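Residue-level listing of the chains:
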Amino acid sequence: MTVSDPKDDLRFYLQAARDALLWKLDGLAEYDIRRPFTPTGTNLLGLVKHAAGVELGYLGDTFGRPSGEPLPWLDDDAEPNADMWATADESRAYIVDLYRRAWAHADATIDALPLDTVGRVPWWPDGKDEVTLHHAVIRVTADTHRHAGHADILRELMDGAVGMNQGNTSIPPGDEEWWETYRNRLERAAREAGRDA
């Protein structure tokens, strides 16, 4: 059995989530990557913007490695949820490039520090703000995968594109008719269960 480097494992799963999140923007118009699809405003480009800030915070500032990137949407006087959507002046290219710079900065932190390095999360309460790099990387990975899942659903609702990336849908094969039959079967089962409850 080959033993892998824990940092390599952590980076692999973090990068998979990053790539999945960005893939959800591919081929879509500006309007589609920005439009809110839920009552709480969830949108594709906003998820990417948020993920960039999360990486720069948890895998930068927390370990005394500020990126120098201006993130006015995270200032104390910023409006709530300002990190969850892109203004008309914040282009797709700007947000995607910021996210890629956040990756590079986060990866440099992972490379530079041992996993048991303790940092302080600036926005957590005093006395409860310590975290190891190992914990922070797992937290960021989990957050990114969660938001990639949100993006999966939004993208499927838009144009039917599903999966981790274009070559890996992670769903069983089936044509449109098969999926319609499958979905109708689930709908019937839900209605039957609802009547019995």
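Cut-offs used in this document
- Residues numbered from 1 in each chain as written.
- Predicted model: local features only at pLDDT ≥ 70, side-chain atom pairs only at ≥ 80, totals over all residues.
- Heavy atoms only, no water.
- Helix = DSSP H or I, 4+ residues; strand = E, 2+ residues; numbered from the N terminus.
- Buried < 20%, exposed > 50% of the residue type's maximum accessible area, 1.4 Å probe, protein only.
- 1 Å grid on protein atoms, 1.4 Å probe; cavity = no way out; pocket = protein on both sides within 12 Å on 5 of 7 lines; lining within 4 Å.
- Points joined across faces, edges and corners; volume = space filled by probe spheres on them.
- Nonpolar A, V, L, I, M, F, W, Y, C, P; charged D, E, K, R; others polar.
- Core = buried A, V, L, I, M, F, W, Y, C linked by side-chain atoms within 4.5 Å.
- Contact = heavy atoms within 4.5 Å.
- Salt bridge = Lys/Arg side-chain N within 4 Å of Asp/Glu carboxyl O.

## Topic: the environment of W179
At step 1: Secondary-structure assignment places W179 in helix α6 (residues 176-196).
At step 2: W179 sits in the partly exposed class, given a relative accessible area of 28%.
At step 3: Each C-alpha atom, one on W179 and one on F12, is 32 Å from the other, the two residues being 167 residues apart in sequence.

## Section: the layout of surface pockets
At step 1: For the largest pocket, the calculated volume is near 320 Å³.
At step 2: Lining of the largest pocket is provided by 15 residues; of these, G53, G57, D61, L74 and W123 occupy positions nearest its centre.
At step 3: Of the residues belonging to the lining of the largest pocket, the class tally is seven nonpolar, five polar and three charged.
At step 4: Quantified by volume, the second largest pocket comes out at close to 240 Å³.
At step 5: As for the second largest pocket, its lining consists of E156, V162, I171, W179, E180, Y182, R183 and L186.
At step 6: Looking at the lining of the second largest pocket, the element that brings in the most residues is α6, giving five residues.
At step 7: A breakdown of the residues in the lining of the second largest pocket according to their chemical character gives five nonpolar, no polar and three charged.

## Overview of the nonpolar core
At step 1: Counting 27 residues, the largest nonpolar core has L21, L22, L25, L44, V48 and Y99 as its most contacted members.
At step 2: For this core, the secondary structure elements donating two or more residues are α1 (6-23), α3 (44-58), α4 (92-112) and α5 (133-159).
At step 3: Looking at which element gives the most residues to this core, the answer is α3, with seven residues.
At step 4: When residues no more than four places from it in sequence are discounted, the contact partners of V48 are L21, L22, L25, I95 and Y99.
At step 5: Within the second largest apolar cluster, 17 residues are counted, among which are A106, V121, W124 and V137.

## Here's the deal with the pattern of salt bridges
At step 1: Counted according to the given criterion, the structure contains 13 salt bridges.
At step 2: The residue R35 makes a salt bridge to D32 at a minimum N-O spacing of 3.1 Å.
At step 3: Exposure remark for R35: the relative accessible area of 24% places this residue in the partly exposed category.
At step 4: Residue E69 is joined to R101 by a salt bridge in which the shortest nitrogen-to-oxygen separation is 2.5 Å. Of the two residues, E69 is situated in the loop between α3 and α4 and R101 in helix α4; the sequence distance between them amounts to 32 residues.
At step 5: For E69, a relative accessible area of 22% corresponds to the partly exposed category.
At step 6: Among the charged side chains, a network of salt bridges with common partners joins D8, R11 and D111.

From the geometry alone we can't say anything about function, so treat these as descriptive.
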